[in-house]
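# Close look at the chain arrangement
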Amino acid sequence: MRLQLDRIASPIGVIRLVHDDEGRLRSLDFEDFEARNLKLLARHYGRADLTAGRAPNAVKAALDGYFAGDLAALG
């Protein structure tokens, strides 16, 4: 499986967003937990190629809305 990684800044730290080629979010975790994130990705998806890539705009917009106080933005 091919997965892409983007990082975005948030008020509580850098977030790692992992998504597939169709733009589906596969993992969201904080940069401080990279080792855990990689272990969980391997557990769920086996051997996956993780490359740099831009997260889908809809995912970024939802997170921006959430951190701006719109708790329904992630729903």
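So, a few notes on the structure that sits alongside this text. (Residues numbered from 1 in each chain as written. Predicted model: local features only at pLDDT ≥ 70, side-chain atom pairs only at ≥ 80, totals over all residues. Heavy atoms only, no water.)

## A closer look at the pattern of salt bridges
Counting across every chain of the model gives nine salt bridges. Across the pair Asp-20 and Arg-24 runs a salt bridge whose closest N-O atoms are separated by 2.8 Å. Relative accessible area serves as the criterion here: at 3%, Asp-20 is assigned to the buried category. Its relative accessible area of 45% is what places Arg-24 among the partly exposed residues. (Salt bridge = Lys/Arg side-chain N within 4 Å of Asp/Glu carboxyl O. Buried < 20%, exposed > 50% of the residue type's maximum accessible area, 1.4 Å probe, protein only.)

## Quick word on a nonpolar patch on the surface
Together, Tyr-66, Leu-71 and Leu-74 line one region of the surface with nonpolar side chains, adding up to about 310 Å² of accessible area. Classification of Tyr-66 as partly exposed rests on a relative accessible area of 34%. (Patch = residues over 30% accessible without salt bridge, like charges linked within 9 Å, V, L, I, M, F, W, Y side chains within 5 Å. Areas by Shrake-Rupley, 256 points an atom, 1.4 Å probe, with all protein chains shown as cover.)

## Concerning helix α1 (residues 34-45)
For α1, spanning twelve residues, the distance from its first C-alpha to its last is 16 Å, which sits close to the expected 16 Å at 1.5 Å a residue. Gly-46 lies just past α1 and shows a positive phi near 70 degrees. (Helix = DSSP H or I, 4+ residues; strand = E, 2+ residues; numbered from the N terminus. Expected span 1.5 Å × (residues − 1).)

## Details of the packing of aromatic side chains
Summed over the entire model, instances satisfying the criterion amount to one aromatic pair. Between Tyr-66 and Phe-67, the aromatic rings sit 5.4 Å apart at their centres with planes inclined by 75 degrees, giving edge-to-face as the arrangement. Above the ring of Phe-33, the side-chain terminus of Arg-36 is found at 4.4 Å from the ring centroid. (Phe/Tyr/Trp six-rings, centres within 6.5 Å; stacked < 30°, edge-to-face > 60°. Lys NZ or Arg CZ within 6 Å of the ring centre and 35° of its normal.)

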